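# Structural characterization, general
Residue-level listing of the chains:
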Amino acid sequence: MNDYPDFLKYHYEVERYDFTRAGEASSAIKARLKKLGLDTHLVRRIAIASYESEINIIIHSYGGTLTLYISADKIMIIAKDSGPGIDDIEMAMKEGYTTASDAAREYGFGAGMGLPNIKRYCDQLEIESSKGQSTTITMTFAIKDMEDEIK
Ligand SMILES: Nc1ncnc2c1ncn2[C@@H]1O[C@H](COP(=O)(O)OP(=O)(O)O)[C@@H](O)[C@H]1O
Ligand SMILES: [Mg+2]
């Protein structure tokens, strides 16, 4: 993968079924973006999308990573895991569709709103996945006006 040399890059590990640490990576991302002085509404959108992708790695995958990329005009988050992949992406994007386990549901996850919310909150969404493969979700957020948003 192109390593995006013009971006600042931060990497976070996300472990499978690690319910007690769920949200740590996205909280760290949120804190870092807040420190940059980005618009609070933008930070909130990014925080929600990264939280949902983090939870999906925890409850649906074998484990993976979130990587935060920061450039002058955009923020990008790439959520990547090592499988088992999404059988039917179109179905997975539907509101309320979930294959979450009982264990995940006991922790309050599995409302089937993660991917629809990710789509709603990012400016550009790319999902690469197929059955038996790793899943890579690339979320891009535009920084509209540097003068206004980075103080
Ligand atoms: N990283 C992933 N790996 C495998 N399957 C996934 C992944 N992310 C999402 N899915 C599939 O897409 C479905 C919908 O995801 P989502 O909208 O976040 O709802 P939920 O996580 O509540 O099930 C999941 O139930 C699962 O079947
Ligand atoms: Mg989810």
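You'll find the structure just up there.
Going along each chain's sequence as written, the residues are numbered from 1 onward. Labels are handed out in written order, letters beginning with A for the chains and numbers beginning with 1 for the ligands. The predicted origin of the model limits local features to residues at a pLDDT of at least 70 and limits the giving and counting of side-chain atom pairs to 80 or more, whereas totals for whole chains, interfaces and linings rest on all residues. Computation of side-chain values: all heavy atoms of the structure, hydrogens and water removed.

## Describing the nonpolar core
Within the largest apolar cluster, 33 residues are counted, with the highest numbers of intra-cluster contacts made by Leu-33, Ile-75 and Met-139. For this core, the secondary structure elements donating two or more residues are β1 (8-14), α1 (24-35), α2 (40-60), β2 (64-70), β3 (74-81), α5 (114-121) and β5 (136-142). Only runs of H or I of at least four residues qualify as helices and only runs of E of at least two qualify as strands under DSSP, and these elements are numbered from the N terminus. Examining the composition of this core, we find that 8 residues originate from one element, α2, more than from any other. Should any heavy atoms of two residues lie within 4.5 Å, those residues are counted as being in contact. In this view, Met-139 contacts Ala-49, Ser-53, Ile-75, Met-76, Ile-77, Ala-79, Ile-118, Cys-122, Gln-124 and Leu-125; residues no more than four positions away in its chain are not counted. Only buried Ala, Val, Leu, Ile, Met, Phe, Trp, Tyr and Cys residues count toward a nonpolar core, and they belong to the same one when joined by side-chain atoms within 4.5 Å. Only protein chains enter the calculation, and the probe is 1.4 Å; a residue is then buried if its accessible area is under 20% of its type maximum, exposed if over 50%, and partly exposed in between.

## Some thoughts on the side chain of Ser-50
Counting through the fold element by element, Ser-50 comes out in helix α2. The definition of a polar contact used here is a pair of N or O atoms within 3.5 Å, where within protein one atom must be able to donate a hydrogen and the other to accept one, and adjacent residues in sequence count solely through side-chain atom pairs. Here the side chain of Ser-50 touches Ile-46 through a polar contact of 2.8 Å, landing on its backbone oxygen.

## Comments concerning unusual backbone geometry
Omega for the peptide link from Gly-83 to Pro-84 comes to 15°, which places this bond in the cis form. If you check the backbone angles, Tyr-17 has positive phi at about 55° while not being a glycine. Since its relative accessible area comes to 42%, Tyr-17 is described here as partly exposed.

## Overview of the site of ligand 1
Surveying the vicinity of ligand 1 reveals 18 residues, the closest of which are His-60, Asp-81, Thr-98, Thr-99 and Gly-112. Between His-60 and ligand 1, the recorded distance is 2.7 Å, taken from a side-chain N or O atom to an oxygen atom. Between ligand 1 and Thr-99 there is a distance of 2.5 Å, counted from an oxygen atom to a side-chain nitrogen or oxygen. Using a grid of 1 Å spacing that covers the protein atoms alone, one calls a set of points a cavity when a 1.4 Å probe fits there but cannot get out, and a pocket when the set is open and has protein on both sides within 12 Å along at least five of seven lines; lining residues are those with an atom within 4 Å of a point. Molecule-in-pocket calls rest on the fraction of atoms, with more than half required to lie within 2 Å of the cavity or pocket grid points. Counting atoms within 2 Å of the grid points, the majority share of ligand 1 lands in the largest pocket. Being near a molecule or strand, for a residue, means having at least one of its heavy atoms within 4 Å of it.

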